[in-house]
Amino acid sequence: MGNAAGHVVFEFMHPELAPDHKNPPTFDPNLGFLNGRKERVMIATQEELNELSIPLEKRDYCAHLYVKWLKCRQQNYPLCQRCHHEKHDYEQCEYDDFVLRMKEYEREKRLKMRAERIQAKKLAEDLE
């Protein structure tokens, strides 16, 4: 089991190895994937999101499901519980997106640690 705030402790103890989540990854995204990776694409267009006044924090890879949920709620207004399936789909997409981002963070961290080990090994070999 791990600490819930383990990444915060790691970033404090090893700032040089901690991934910078504000910038794109420093390693090739296809490194380690034999057939490459499936590229993530936005399904909802920016025009559609602007037209529906979707808040900025909801404009992610799950925005199309959020729009579907909002439209269902609008159509079934007083009985919004009829849209529980759409809500579940949206929340599941958000959860899957969160898990994917955490996996990407961990992948970046491990690749940085690997690069440091390789560099230390080369320095040790050069000193011998």
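Preceding block: the structure.
Keep in mind that this is a model prediction, so the values were computed, not measured.

Procedures and definitions
- Residues numbered from 1 in each chain as written.
- Predicted model: local features only at pLDDT ≥ 70, side-chain atom pairs only at ≥ 80, totals over all residues.
- Heavy atoms only, no water.
- Salt bridge = Lys/Arg side-chain N within 4 Å of Asp/Glu carboxyl O.
- Helix = DSSP H or I, 4+ residues; strand = E, 2+ residues; numbered from the N terminus.
- Buried < 20%, exposed > 50% of the residue type's maximum accessible area, 1.4 Å probe, protein only.
- Phe/Tyr/Trp six-rings, centres within 6.5 Å; stacked < 30°, edge-to-face > 60°.
- Lys NZ or Arg CZ within 6 Å of the ring centre and 35° of its normal.

(A) Here's a closer look at the pattern of salt bridges. The tally for this structure, following the rule as stated, stands at six salt bridges. Among the salt bridges present, the one from Glu48 reaches Lys71, with a minimum N-O distance of 3.9 Å. Of this pair, Glu48 sits in helix H2 (residues 46-51) while Lys71 sits in helix H3 (residues 63-75), and the two are 23 residues apart along the sequence. On the basis of relative accessible area, Lys71 is assigned to the partly exposed category, the value being 40%. The partner of Glu106 in a salt bridge is Arg110, with the nearest N and O atoms 2.9 Å apart. Of this pair, Glu106 and Arg110 both sit in helix H4 (residues 84-127), separated by four residues, roughly a single helical turn. It is possible to trace a salt-bridge network through shared partners that takes in Arg40, Asp97 and Arg101.

(B) Structural detail: the packing of aromatic side chains. Across all of its chains, the model carries three aromatic pairs by this definition. Both rings, one in Tyr66 and one in Trp69, keep their centres 6.0 Å apart while their planes meet at 70 degrees; by these two values the pair is edge-to-face. Of the two residues, Tyr66 and Trp69 both sit in helix H3, three residues apart, roughly one turn of that helix. Between the aromatic rings of Tyr66 and Tyr90, the centroid separation amounts to 5.2 Å while the plane-to-plane angle is 50 degrees, which identifies the pairing as tilted. Of the two residues, Tyr66 is situated in helix H3 and Tyr90 in helix H4; the sequence distance between them amounts to 24 residues. Per residue, the accessibility class of Tyr66 equals that of Tyr90, and both read buried. Above the plane of the ring of Trp69 lies Arg73, whose end atom (NZ or CZ) is 5.4 Å from the centre.

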